[in-house]
Amino acid sequence: MTQTADDLVFIAAIAGAHGVKGECKVKSFAGEPEAAFSYGAFRDADGAVLLTPKSWRPVKDGFIVRFAENLTRDQAQALKGTRLHIPRAALPALEDNEFYHADLIGLKVQALDGSDMGTLRAIHDFGSGDLLEITGTPDRNGSWMLPFTRDFVPHISIGDGVITIDPPEEVGSKAEEEAGE
C-alpha cells in the first residue's frame, strides 16, 4: 500500500555503498538515530516500499545497513542520495510542545508583533542545540539562524502554519536599518 506525501516523514538518506556485499551507509535524521530502523520498511517520496532494513550497526556519522532486498554493491552505490521515508503513523505520539522537524519546515516565521520574519528553511544541530535557519524576508538577503529555544520561539501553531519568534534586538534593528536604506 502506498502512502500520500503528507503521510510520510523523511527520516534517513543513503550515503553510499559499504563494502562488497550490498550494504549501505545510511544517515539517520531521527531524534534517536537508531530508531529510524525500527519503523518498518522505508518508502520513496511517493510512498512505495523501497527497502526493508534487516540489520544495522553504528559507525561514525551513520549506520551500516543490510536490507532484506539483498542488494549488489553496484545497486547499493546507485542508491546514494536516496531519501528514505516512513509512514507518519509508525512514529510515536508526541507530547505537548513537541514537533517533528518535517512539520515545521516551510512554515511562516513572524515576530511577536506579527511582522514577517521569513520562512523556516531548515533546522540544524551543529552540536550545541537546534538552530532554525530562516530565509526569505523582504528586507533581508540570504538566511539567518536563531536558537530553537522557548526564549526565542515562544509559540508554534502548525495548524495556522506560523512560528512566532522573539528575535534578539540586533535582528530587529538590522531589519529596520536595511529597510531605511
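Before going into details, it helps to say that this report is about the structure given with it.

How each quantity is defined
Residues numbered from 1 in each chain as written. Predicted model: local features only at pLDDT ≥ 70, side-chain atom pairs only at ≥ 80, totals over all residues. Heavy atoms only, no water. Phe/Tyr/Trp six-rings, centres within 6.5 Å; stacked < 30°, edge-to-face > 60°. Buried < 20%, exposed > 50% of the residue type's maximum accessible area, 1.4 Å probe, protein only. Helix = DSSP H or I, 4+ residues; strand = E, 2+ residues; numbered from the N terminus. 1 Å grid on protein atoms, 1.4 Å probe; cavity = no way out; pocket = protein on both sides within 12 Å on 5 of 7 lines; lining within 4 Å. Points joined across faces, edges and corners; volume = space filled by probe spheres on them. Nonpolar A, V, L, I, M, F, W, Y, C, P; charged D, E, K, R; others polar.

**Concerning the packing of aromatic side chains**
All chains considered together, the criterion is met by five aromatic pairs. Between Phe37 and Phe42, the ring centres sit 6.1 Å apart and the planes meet at 80°, which makes this aromatic pair edge-to-face. Comparing Phe37 with Phe42 shows no difference in burial state: the two are buried. For the ring pair Phe42 and Phe67, a centre distance of 6.5 Å and an interplane angle of 70° mean the geometry is edge-to-face. Linking Phe42 in strand 3 (residues 42–43) with Phe67 in strand 6 (residues 62–67), this pair joins segments that are 25 residues apart in sequence.

**Looking at the layout of surface pockets**
Of the volumes computed, that of the largest pocket is approximately 1200 Å³. Every residue lining the largest pocket is counted, 35 residues in all, and those nearest its centre are Phe29, Gly31, Phe99, Tyr100 and His101. At the level of secondary structure, the elements contributing two or more residues to the lining of the largest pocket comprise strand 1 (8–18), strand 7 (83–87), helix 2 (101–104), strand 9 (116–125) and strand 12 (155–157). Looking at the lining of the largest pocket residue by residue, the class counts come to 21 nonpolar, eight polar and six charged.

**Regarding unusual backbone geometry**
At Asp61, a residue that is not glycine, the phi angle is positive and equals roughly 65°. With respect to the helices and strands, the residue Asp61 is situated in the loop between strand 5 (53–59) and strand 6. Relative accessible area serves as the criterion here: at 54%, Asp61 is assigned to the exposed category. The backbone of Asn70 shows a phi angle near 50°, a positive value even though the residue is not glycine. Mapping Asn70 onto the fold places it in the loop between strand 6 and helix 1 (73–78). You can call Asn70 exposed: its relative accessible area is 56%.

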